[in-house]
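# Understanding the architecture of this molecule
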Amino acid sequence: MDGRIAMTADIIVLESEKQRLQVAPEMGGSVIDWDWKPQHGWTPLFRAWDGVSVDRYTVACFPLVPWSNRVTHGGFEHEGTFYPIPANRSEERYPIHGDGWLQAWQVAERSNNHVKLVLESRHFDGNPYHYRGTETFLLLPDGLQIDLTVTHLGQQTLPYGLGLHPYFLRNAATRLRFKAEGVWQADTDSIPTGHSTHFPQGWDYNTPASLDGPLIDNCYTGWNGKAVIDYPDHGISVTMVMPDCNGYLLFYRPPGYDYFCIEPTTHPIDAFHMPDQPGLSLLAHGDSLALRTKFLVGPSAGMS
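Residues numbered from 1 in each chain as written. Predicted model: local features only at pLDDT ≥ 70, side-chain atom pairs only at ≥ 80, totals over all residues. Heavy atoms only, no water.

### Brief notes about the overall build of the protein
Convention followed: Every helix listed is a DSSP run of H or I at least four residues long, and every strand listed is a run of E at least two residues long, numbered separately from the N terminus. Computation of the radius of gyration draws on C-alpha atoms alone. For the globule rule, the value is 2.2 Å times the number of residues to the power 0.38. Only protein chains enter the area calculation, which uses a 1.4 Å probe; residues under 20% of their type maximum are buried, those over 50% are exposed, and those in between are partly exposed.
The helix and strand inventory of the protein stands at zero helices and 24 strands. Computed over its C-alpha atoms, the radius of gyration of the protein comes to 18 Å, within 12% of the 19 Å expected for a compact globule of 304 residues. Here the C-alpha coordinates of the protein stretch approximately 55 × 45 × 30 Å along the principal axes. A total of 304 residues make up the protein; the buried ones form 56% of that total.

Structural data, given as structure tokens:
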């Protein structure tokens, strides 16, 4: 399977006095636009979908379920059984970001300020997972809350993970700050090769820094669950908060583009093949895992 799947979806729009959110359930439960109105006119906070491409990598934000990022070795072993996972994107050597983003979700609830989507996935594309996912979008007075949950429906216990993949806009004035203690170094396929508490030059965001620089596609550790993106040219900032953070933050900084990604996640890249599978949750039949993320909008933080 691949992230380029035809879509004929209806678009759900939630709008308040200050913000407007657009969601495409059939396009992998994706956000396709999120805008804020600080004074006059709308200011985009996520990179907006172009309205044409069916590639999920062109949307504003999509859910990562039942795992985040890449899985090597063609799958994983659990309790003596090998579970194969096929590659799911033509540009990627390894299967990436689970399979929820490749499937159509259904609307379960809807009001003026929230929408809840559901998905039952049964061994999609030959994957070992049978689960029910829910994704709830809630407009807050000062931002957006996204709740992602997964419930294991299979009979055999399996390891699960969750994440979100938001695309934030950036320009020369944009500044980012998040606390972290270390980072996983990686090979050219972005697979971890070793952990370090010494950040390469231009990788340390414990103090505010720009988004310029070479590629970063790595997992930071010791994250405290808070990241601040400052847009002084728009007079606003966005604070991403993961209340139940267990220390992992995926950071994607592609050079030469007008966006970047900081991805709240429950586990590091390729945790399936790390000792003790850090951050993954073993779910028996009926067990659930949840991830809550808030995106809070306020005045510019004045970071330089």
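Let's pick the thread back up.
### Describing the environment of Phe 124
Relative to the helices and strands, Phe 124 is located in the loop between strand E9 (114–122) and strand E10 (130–140). Spatially, the C-alpha atom of Phe 124 lies 7.1 Å from that of Asp 99, the residues being 25 residues apart in sequence.

### So, the nonpolar core
For the record, the criterion: Side-chain atoms within 4.5 Å link the members of a nonpolar core, which is a set of buried Ala, Val, Leu, Ile, Met, Phe, Trp, Tyr and Cys residues. Every residue pair with non-hydrogen atoms within 4.5 Å of one another is taken to be in contact.
The biggest cluster of nonpolar side chains holds 63 residues, and the ones touching the most others in it are Phe 168, Phe 178, Phe 251, Ile 262 and Phe 295. Leave out the neighbours within four places in its chain, and Phe 168 touches Leu 45, Phe 46, Ile 229, Tyr 231, Val 238, Met 240, Asp 258, Tyr 259, Phe 260, Ile 262 and Phe 295. Trp 49, Val 59, Ile 96 and Trp 101 belong to the second largest nonpolar core, which has 15 residues in total.

### A look at the sheet that holds strand E22 (residues 259–264)
Spelled out, the test is: At least two bridges found by DSSP between two strands is the condition for calling them paired.
Taken in spatial order, the six strands make up an open sheet running E14-E22-E21-E18-E16-E17, and their pairing is antiparallel. Edge positions in the sheet fall to strand E14 (168–169) and strand E17 (192–196), since each has one partner strand and no second. In this sheet, E22 lies alongside strand E21 (residues 249–253) in antiparallel orientation, the contact comprising four bridges. Its bridge partner lying in E22, Phe 251 is registered against Ile 262.

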